[in-house]
Structure formats: C-alpha cells, structure tokens
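Summary of structural features
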Amino acid sequence: MSAGDVAVDDDPFEEQRERVENPMKRLFRVYGVPNLRYLITGIVSSIGARLLDLVPPILLGFAVDAIFSQEKSYAAIWLVPDGWIPASQEGQVWFTVGLIAATFSVGAIFHWTRNWGFNAFSQNIQHAIRTDTYDAMQGLDMDFFADKQTGELLSILSNDVNRLERFLNDGLNSLFRLSVMVLGIAGVLFYYNWQLALVALLPVPLIAGFTYVFIQIIQPKYAEVRSTVGNVNSRLENNLGGISVIKASTTESYESDRVDDVSQDYFDANWDAIDTRIKFFPGLRVLAGFGFVVTFLVGGLWVVSEPGQGPWFFTEPISTGEFVTFILLTQRFIWPMAQFGQIINMYQRARASSARVFGLMDERGRVEESLDAKELEVTEGSVEYENVSFSYDDPATLDDDESVELILDSVDFDVDGGETVALVGPTGAGKSTVLKLLLRLYDVDDGSVQIDGTDVRDVTLPSLRRQLAYVQQDTYLFYGSVEDNIRYGSFDASREDVVDAAKAAEAHDFITNLPEGYDTEVGERGVKLSGGQRQRIAIARAVLKDPKILVLDEATSDVDTETEMLIQRSLDDLTEDRTTFAIAHRLSTIKDADQILVFEDGGIVERGSHEDLLARDGLYAHLWAVQAGEIDELPDSFVERAAERRAKTDVETDDDD
Ligand code: ADP
C-alpha cells in the first residue's frame, strides 16, 4: 500500500464502473488474447523453473541414501537414464554435483524467460489500454470534462492502468509460480509417502484460513488509510494553491493546525493497519513452525522406529533420505501459502480498476458523428442559426422532477459569407454557448445550425473543425516552443509562415524579445507569458490556419488598449474576406461589424449595425454610452435586470457546491 494508490477507491467513476460486466474476462479477451504468446512463454517457463527448483532437494535425498548409506541404488532416479550413473561412490558425488549445477543453470534460463514473458505481457497490455483509454476519452464531449475533475481522469490513466499492469505482471507471475510450486511439492510429497505428506500439509488449511481472516480485517483499515491520506493531499494541495492568501491573512498557525489534524488522522489510521499487519507475519510463522515441528517429530520417530512399526497409524516405510527431502520441501511449502491471500487482494483491486477503465471506454458522448456524415465543403461561408434552443443539462441524466434550464431560447439569425457578426451583452447571456454550437462542442436541442445550408450535424467533425479557427479568451499553451504553439494544428507550416502569422497578430516583437525568440519554451514548465501575449499567440495560430470561418471569443480582452488597437488592425485584414464571429466586451472593437447581436438571458434582444442600435436607444446604446464615458452608469431598469440575473447565477453556483 503506497500513497500512489490514493483516491482511486473513492470512486468518482462509480456510475461508469457499474455498467461494466465481467471486466476481467473482457480484459483477457480484448487485451490478453492478442498477447497470449507472451503469457504462454511466461507460464511454461514458470512451470519449468519451479519444477527444476524441486530437483536439488530430491537429488540430495537420493544422494544421501545412495552415496553415503548405500541404502538405495542411484538407478532409482527417474530423471536420468541408468547408463549415465557412475559406479564408484566418488563418481556418484561428482555426478550429483554436476546434476545440481546443470539444474541451476537451466533454471536460471527459465527464470529469465519467465520474467521476460510476464513483463512483455503486462507492458504490452498496459500500453494498449492506456492509449485506447486516452483515445476514447479525447473523443468525449466537453460535457464530460466539465463534470469530472482532471485529477479523477488522470487517476484512471495512471493509477488504474498501473494497477492492472502490476496485477498482470507480479500478480499472474506469483499466481503461477505459487500454484506450480504448491502443486509440485504436494505431488512429490504424496509420491514419496502419502501418510507423512498428510502430516506435512496439516498447516495448509490453517494458514489459508488465517490469511483469509487477516485480509477481511485489514481491508477496511486500508480503506481508512486511503481516505485519510486523500484528505492530507487535498489539504496540502489547497494550502499550496492558496499560499498567498494564507500569508496575506496571517493564518499560518491556523493552517498548521489543520494540516496537523489531517496528518494525525492519517497517522492513526496507518498505525491501526500497521498494528494488524505486524502481528500477521509472526502469527504465520507460528503456524508454519508448528507444521514443521509436527512433521519433524512424526518423521523423526518414524525413521528411528523398526520397519513397519511407525508411530500411530503410519505403516509405510521411510528412509533417512526421504525424511531429509520431506523436511526441506515442507519448509518451502509454507510461505507461498501466505502469498495467496495477497494475490486474491491484488485481483480484487485489478478488477475494480479494469471496471473503471472499461467504464470510461464505454462512455458515450452526446455529440456523435452520424453514420452517413459527409465532408463539409465551405464555399460562401454563410451561417444560419435557425430557432436554436439549447441546455447544458442532459435530459437523460435528469431526475423526473427536474426541468431543463434553457441557456439559449429560439436564437435565430443569418450571417452572409464574409460578414463579421459581433455578439455582445452581459456575462452569462449565452454568447459563448452560441459559438460552441457552431464548433459542435455541443449539439443543439432544437432548431439547427447550418453552414452554407448544411446542418453541422450532417458533416464529419474533423471537416467541420478544420474550417474554423477558434480563439478563446483564455489561451492554453502546450509545453513546447513559441513556434510549436503557433504552428499547433497547422503542422506543415514553415518558419516563415509562422513569423508572418506572428507579425499579423502583433506578436512578433514580443516574441523576438524573449530569451530564445521563437524557440523559447512556454507552457506550464516554460517561460510564463502574460494573458495578452498568450492571446496574440492564439491569434497567430488562427492566422496561420487561414480558416473559412473565424471565431473570436473575447480574443483581445487581456491586452492593453494600445496593443488592442494594433491587433485590431491586423484582425481587420484577417476578417475582411471571411465570415467572423466576435464576442467582445469593449464595444469599440466591434462597432464596425456588419451585424451586432445583443444577447440577454439566452435570447437576442436587439440586432443591427452600430448606428441602428444607437438610434434604438436600448441596452446596446446604454452600454456604449457607459463605455464611451458619456454617462456614468446604466439607467436603473438595466441595473435591476442585471441584479436579478446575478441573483439567479449565484443560486446556480450554490447548487454546484
Ligand atoms: P456568455 O458567453 O454570454 O458570458 P455563456 O455562454 O458562457 O455566456 O454562458 C451562458 C450560461 O450557460 C451561463 O449561465 C453559464 O453559467 C452557463 N454555462 C456555461 N457553460 C456551461 C457548462 N459547461 N455547463 C453548464 N452550464 C454552463
């Protein structure tokens, strides 16, 4: 049990997991069968290695009898042909030593091929599962990612897959090794002397029962350990994230106490588990020792007794050599028994992990490509929203008494090819959602979104998204160079193309000032760029993509006014001949748009050109007046509406908690 196992068992994926039947069967069918050759190599070698391990003690027994006491003929060994055995006692000693050395050498090769087989089996499977799971996950809707914590998804891709790997390697390896060993030893013991074998096997049921009880007791304790260590991690993560708040509020000692509390809980839970575990092994030792002592006592009395006059009911004759073999083998027999419990435990955990992995693979999104989807050809670039209604709630997962909350209600507008349309209005009005429907990050519930008269649901997703460039407010940079980030998605572009795009996005100057220019590493581990710099990289990315339709979601919100004016100039070039959607808070940036749509509460409340809207003297005109500094504040009626909207959003946020 290590801290790395944390959190998986708290099961954020219960729903997915419960849908999967017979996960281990499926694991072997889907991933085991194609890699069967490795498994077979492992199993055969394992059997070979174990059987060879049994040979030295058997040989030793024979040697004792044959060489030293001359009680038996060496020819009794069924492992070697009679003709091979030297006649002299000295020769027999050498022969025995040679045989044992040969067994060890061949055994070493088997050990190697066994580990090779099991490792190749588990590594190939973990690689295939991880990549398949990732591919499946990448294809899921945005909905799915909005619901799940990144940590939970990561834990499937790392912890669960690793756990399967461990079971397939160590678990299976041990299982076969132990089974062969236990069956092999038991077989040899019975072959020699079934009566003494029964005595030697006496502790087996006791050990099995003892181990079973131990697992029943320890498992809930481990669950407690996992949960408390999870609390420790959450606390630490939380505090490190908020360290500036802690310092600013001088709550260091308060936080130290809180960390102390959760750490103490972990200590207590862990100690409880340790206390049980450290008693288990000495307990096993006592049982094993008991078995050994009894076998030695009975066997010893038997060896010294007159032939046919063994103790109690023992009638079969037994030689000193047989007795030595018995004792040596019995010793080896006991410990593996205790490991069976661990294997069962590993199996149970692997089963839960594979259920989670398959549950994720089986997850189906709401946005699916239709079977007869065709490639989208954009000619004009006209876009039509026809009575679009949308809700983020999935009706399939709502309870009967819940109603869907409409985010967009009958949104209807047309954009001609090459036009620029601006979406404005208060936060939460649904502007971004409108654009997400165009990209098909979500599907409409009612109505349709069409490009050049084709419903976006009738075309393939890649052909749709290739025609669109989407510049978001918060630009994510991948780990890599600035150049890689601009080229992202247009991988064939040359260095010159990248530089031209950066110039067009007013990014060239700041990039050349970075320590290594276009080769500067950015992203989480690289140089930190400001929000405005990231936005300009995203715009350069869009310029390079040269899309038919451009989607700008607050693309210049984080840059200062001067830079914005510069970018605006280059955006004017970029948007001139292509259909452009722009969401903007600063109305000055969109006043030249061909069409301005004013959104409020999921619907369009005003539409027209800047001049039209000013003339209407409605919401747009007032927002404009505030931003232009002509009036200090919105009229009361607008303020009241905004307050109502905020109250509504606050309630929604509370629900989320
Ligand atoms: P805008 O772009 O106008 O600020 P959005 O389209 O982002 O508005 O959001 C419209 C409404 O949809 C808001 O009430 C917001 O809380 C909600 N919303 C946005 N994204 C999601 C989501 N992934 N899941 C559920 N609700 C969402």
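Since this is a predicted model, take the numbers as computed values, not measurements.

1. Some remarks on the overall build of the protein chain
What the protein chain contains, in helices and strands, is 21 helices and 12 strands. Per-residue burial over the protein chain gives 47% buried out of 657 residues. The contacts of the protein chain with a sequence gap of at least 6 include a subset with a gap of at least 24, amounting to 77%. Accessible area of the protein chain: about 33900 Å², with a carbon and sulfur share of 54%.

2. Some remarks on the site of the ligand
The ligand sits among 12 residues. The nearest are Gly428, Gly430, Lys431, Ser432 and Thr433. In the model, a nitrogen atom of the ligand is placed 3.5 Å from a nitrogen or oxygen of the Tyr442 side chain. Coverage of the ligand by the protein amounts to 68% of the 560 Å² it exposes when considered alone. Residue composition of the shell around the ligand, by class: five nonpolar, five polar and two charged.

3. Digging into a nonpolar patch on the surface
On the surface, a cluster of nonpolar side chains totalling about 460 Å² of accessible area is made up of Tyr476, Phe478, Tyr488 and Phe491. Mapped onto the elements, Tyr476 comes out in the loop between strand S6 (468–471) and strand S7 (480–481).

4. As for the pairing of strand S9 (residues 549–553)
Of all five residues making up S9, five are buried, and the element is well covered by its neighbours. Residues of S9 alternate between two faces, with Ile549, Val551 and Asp553 on one and Leu550 and Leu552 on the opposite face, all of them buried. The sheet contact formed by S6 and S9 spans four bridges and is parallel. Looking at the pairing, Tyr470 lines up with Val551 of S9.

5. A few points about the sheet that holds strand S12 (residues 603–608)
One open sheet holds the six strands; their spatial order is S6-S9-S10-S3-S11-S12, and the pairing between them is mixed. Edge positions in the open sheet fall to S6 and S12, since each of these has one partner strand only. Direction aside, the axes of adjacent strands within the sheet are offset by 15° on average. Strand direction decides the pairing type here: strand S3 (residues 420–424) and strand S10 (residues 579–583), joined by four bridges, are parallel. Within the sheet, the bridge partner assigned to Ala422 lies in S10 and is Ala582. On the sheet, helix H12 (residues 431–438) packs against S3, S6, S9, S10 and strand S11 (595–600) and is oriented at approximately 150° with respect to S9.

6. Focus: the sheet that holds strand S2 (residues 408–415)
In spatial order, the strands read S2-S1-S4-S5; together these four strands make up an open sheet with antiparallel pairing. Edge strands, defined here as strands with exactly one partner in the open sheet, are S2 and strand S5 (454–455). The sheet contact formed by strand S1 (residues 383–390) and strand S4 (residues 446–451) spans five bridges and is antiparallel. Opposite Glu384, over in S4, you have Gln450 as the bridge partner. Contacting S1, S2 and S4, H12 crosses the sheet at an angle of about 115° to S1.

7. Let's talk about the pattern of salt bridges
According to the stated counting rule, one finds 14 salt bridges in the structure shown. A salt bridge links Asp53 to Arg50, with the shortest nitrogen-to-oxygen separation between them at 3.0 Å. With a gap of three residues between them, Asp53 and Arg50 both fall in helix H3 (residues 36–68), about one helical turn apart. Given the relative accessible area of 13%, Arg50 is considered buried. A salt bridge links Arg457 to Asp455; its shortest N-O distance comes to 3.0 Å. Exposure remark for Arg457: the relative accessible area of 26% places this residue in the partly exposed category.

8. Re the nonpolar core
Val482, Ile486, Ile511, Tyr518, Ile590, Ile596 and Tyr620 are the most contacted members of the largest nonpolar core, which has 44 residues in total. Broken down by element, the residue count for this core peaks at six residues, all from helix H17 (residues 531–545). Those residues in contact with Ile486 that lie beyond four places of it in its chain are Val498, Ala502, Ile511, Tyr518, Ile537, Ala540, Arg541 and Leu544.

Calculation notes
Residues numbered from 1 in each chain as written. Predicted model: local features only at pLDDT ≥ 70, side-chain atom pairs only at ≥ 80, totals over all residues. Heavy atoms only, no water. Helix = DSSP H or I, 4+ residues; strand = E, 2+ residues; numbered from the N terminus. Buried < 20%, exposed > 50% of the residue type's maximum accessible area, 1.4 Å probe, protein only. Contact = heavy atoms within 4.5 Å. Areas by Shrake-Rupley, 256 points an atom, 1.4 Å probe, with all protein chains shown as cover. Near = heavy atom within 4 Å. Polar contact = N/O pair within 3.5 Å; in protein donor to acceptor, adjacent residues only side chain to side chain. Nonpolar A, V, L, I, M, F, W, Y, C, P; charged D, E, K, R; others polar. Patch = residues over 30% accessible without salt bridge, like charges linked within 9 Å, V, L, I, M, F, W, Y side chains within 5 Å. Salt bridge = Lys/Arg side-chain N within 4 Å of Asp/Glu carboxyl O. Pairing = 2+ DSSP bridges. Axes fitted to C-alpha atoms, helices over the stretch in contact; angles between N-to-C directions. Core = buried A, V, L, I, M, F, W, Y, C linked by side-chain atoms within 4.5 Å.

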